[in-house]
Amino acid sequence: MILMKRAALHVSAVGKADPPLSEKFMTPTKKIVSSGDKDQDDGLDFNEFSKYLKEHEKKLRLTFKSLDKNNDGRIDYAEVKQSLADLGVNISKEAAEKILRSIDADGTMTVDWNEWKEHFLFNPATNLQEIIHYWKHSTVLDIGDSLTIPDEFTEEEKTTGVWWKQLTAGAMAGAVSRTGTAPLDRMKVFMQVHSSKSNKISLVGGFKQMLKEGGPTSLWRGNGINVLKIAPETAIKFMAYEQYKKLLASDAGKIEIHERFMAGSLAGATAQTAIYPMEVLKTRLTLRKTGQYSGMYDCAKKILKREGVKAFYKGYIPNMLGIIPYAGIDLTVYESLKNFWLSHYAKDTANPGIFVLLGCGTISSTCGQLASYPLALVRTRMQAQASVEGSEQLPMGRLVKKILEKEGFFGLYRGILPNFMKVIPAVSISYVVYEYMRSGLGIQK
């Protein structure tokens, strides 16, 4: 009892003295204070701490039983590996043994109830979903493209309504991020459409040309609709993803990595189909000359009048095809980097820290972009064909052939430099805004 009182006083003191941290990476002590502090005085008294320990031990007992598949009172590496696989995280035998070794106090390579309790009693993570939540690969890192696998939420987040706050925070982060990097995005589209071997456009020369034609505000052309389409696309993608997971999952409540990829790709295709006319409008508004359109409505009206309804789905096929390599490579690279970190650097915790997460997300997204970029370029050129004087209205196959004949293989990568230049600032901005939004919306981990 004396030890419990000392521990309660220690937690209270540390909880008050700790500097404010991002809630996502809150220290265990602060999480314990947050979980047990019923009177909201930023500290735990003895009764609160005692109640927290009793409730927490019950949760730990339930988790231990769920891991102990054969009910022999001990957890071995195979049970750890299987339990993580059930949650869609596949790890090697060595990685499972490493996790087990960090909890195993007596060196038997199995964990009994006492070892499990002593290891996790002062750790607020009560289940495997919380432990692997650090590594959730989500759309928080917005780089301006709409091809990512949708966000995934736990059952608790869905039932408590936290999911819509997370989506709102992510959408706001994407809006600020895209606005901050809009000049580079416009340069990318400008180079994709107008740059060629005979008309080389440099980064500096392109910006000078845009500034001369329309002034500083012209650098943000097309950004309004690029931001506007975030909300409907995010909502449709999330809803569709939940339905596709139910249809494709081999076991109820469990989804394998390949099933997640298929569900994510189909959800992305569904969302893109619904909002694709906005993608066409975004390209036309981005490339417009001063005075060409008075706004989004005027642009849509003129396209409909001159080119018909079909114009709103130009470039649709290469856009759909681009989802598969992007999502597949993005997810594969992220999983590989995650497993590499867990195998080589995870010693006392599964929490990789902010910079490792941002690094993994940035590298995986960049690799996905690199694979899908030629299809993105073809899509953009098809969307813009009617607005470029003297341009032929070519289908996808003939357009690719023409690019390869006139410009070679690297002609499919026009504008890749500004596209890569915007990745790091886009990721950084979206992450910072997301954290501030989470705090403002009262989301706690």
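In the block above lies the structure referred to throughout.
Scope of this entry: the structure provided in the associated data block.

The rules behind these values
- Residues numbered from 1 in each chain as written.
- Predicted model: local features only at pLDDT ≥ 70, side-chain atom pairs only at ≥ 80, totals over all residues.
- Heavy atoms only, no water.
- Axes fitted to C-alpha atoms, helices over the stretch in contact; angles between N-to-C directions.
- Helix = DSSP H or I, 4+ residues; strand = E, 2+ residues; numbered from the N terminus.
- Parallel < 35°, antiparallel > 145°, perpendicular 65-115°, else oblique.
- Left-handed = near helix turned anticlockwise from the far one by under 90°.
- Nonpolar A, V, L, I, M, F, W, Y, C, P; charged D, E, K, R; others polar.
- Salt bridge = Lys/Arg side-chain N within 4 Å of Asp/Glu carboxyl O.
- Contact = heavy atoms within 4.5 Å.
- Expected span 1.5 Å × (residues − 1).
- Buried < 20%, exposed > 50% of the residue type's maximum accessible area, 1.4 Å probe, protein only.
- Core = buried A, V, L, I, M, F, W, Y, C linked by side-chain atoms within 4.5 Å.
- Patch = residues over 30% accessible without salt bridge, like charges linked within 9 Å, V, L, I, M, F, W, Y side chains within 5 Å.
- Areas by Shrake-Rupley, 256 points an atom, 1.4 Å probe, with all protein chains shown as cover.

1. Quick look at the packing of helix H13 (residues 230–248) against helix H14 (residues 257–287)
Direction vectors running N to C along H13 and H14 enclose 140°, while the axes themselves pass 8 Å from each other. As far as their axial angle goes, H14 and H13 are oblique. Considering the relative orientation of H13 and H14, their crossing is right-handed. In terms of residue class, the contact of H13 with H14 is built from 13 nonpolar, four polar and five charged.

2. A short note on the pattern of salt bridges
Enumeration over the complete set of coordinates arrives at 13 salt bridges. Residue Lys188 is joined to Asp185 by a salt bridge in which the shortest nitrogen-to-oxygen separation is 3.4 Å. You can see Lys188 and its partner Asp185 sitting in helix H10 (residues 182–194), three residues apart, about one turn around the helix. Bridged by salt links that share partners, the residues Asp185, Lys188, Lys282 and Lys422 form one connected network.

3. Here's the deal with unusual backbone geometry
Of note in this structure, Asn71 is not a glycine but carries a positive phi near 55°. Relative to the helices and strands, Asn71 is located in the loop between helix H3 (46–67) and strand E1 (74–75). One non-glycine residue, Met109, lies in positive phi territory at about 60°.

4. Quick look at the packing of helix H9 (residues 162–180) against helix H20 (residues 423–440)
The interhelical angle for the contact between H9 and H20, taken along N-to-C directions, is 145°, at an axis separation of 8 Å. Read as a crossing pair, H9 and H20 show a hand that is right-handed. In contact with Gln166, Ala169, Gly170, Met172, Ala173, Val176, Ser177 and Gly180 of H9, H20 contributes Ala426, Ile429, Ser430, Val433, Tyr434, Met437 and Arg438. In the contact of H9 with H20, the residues fall into nine nonpolar, five polar and one charged.

5. What about H9?
A turn of α-helix holds 3.6 residues, and therefore any two residues three or four places apart point the same way. With 19 residues, H9 extends 27 Å between its outermost C-alpha atoms, agreeing within 8% with the 27 Å of an ideal straight helix rising 1.5 Å per residue. Residues of H9 that are buried: Gln166, Leu167, Ala169, Gly170, Ala171, Ala173, Gly174, Ala175, Ser177 and Arg178.

6. Comments concerning the nonpolar core
Membership of the largest hydrophobic core comes to 14 residues, with the highest contact counts inside it found for Ile75, Val80, Val111 and Trp116. Secondary structure elements with two or more residues in this core: H3, helix H4 (77–86), helix H5 (93–103) and helix H6 (113–120). If you tally residues by element for this core, the top one is H5, at four residues. Ignoring any residue separated from it by four or fewer positions in sequence, one finds Trp116 in contact with Leu60, Thr63, Phe64, Leu67, Ile75, Ile103 and Val111.

7. Looking at a nonpolar patch on the surface
Residues Leu404, Phe409 and Phe410 make up a contiguous nonpolar surface patch of roughly 350 Å² in combined accessible area. The exposure class of Leu404 is partly exposed, given its relative accessible area of 38%.

8. A closer look at H20
Compared with an ideal rise of 1.5 Å per residue, which puts 18 residues at 26 Å, H20 spans 26 Å between its outermost C-alpha atoms and is within 8% of the ideal. Buried-residue contacts for H20 involve H9, helix H17 (354–384) and helix H19 (416–421). A positive backbone phi angle near 75° is found at Gly442, which sits one or two residues after H20.

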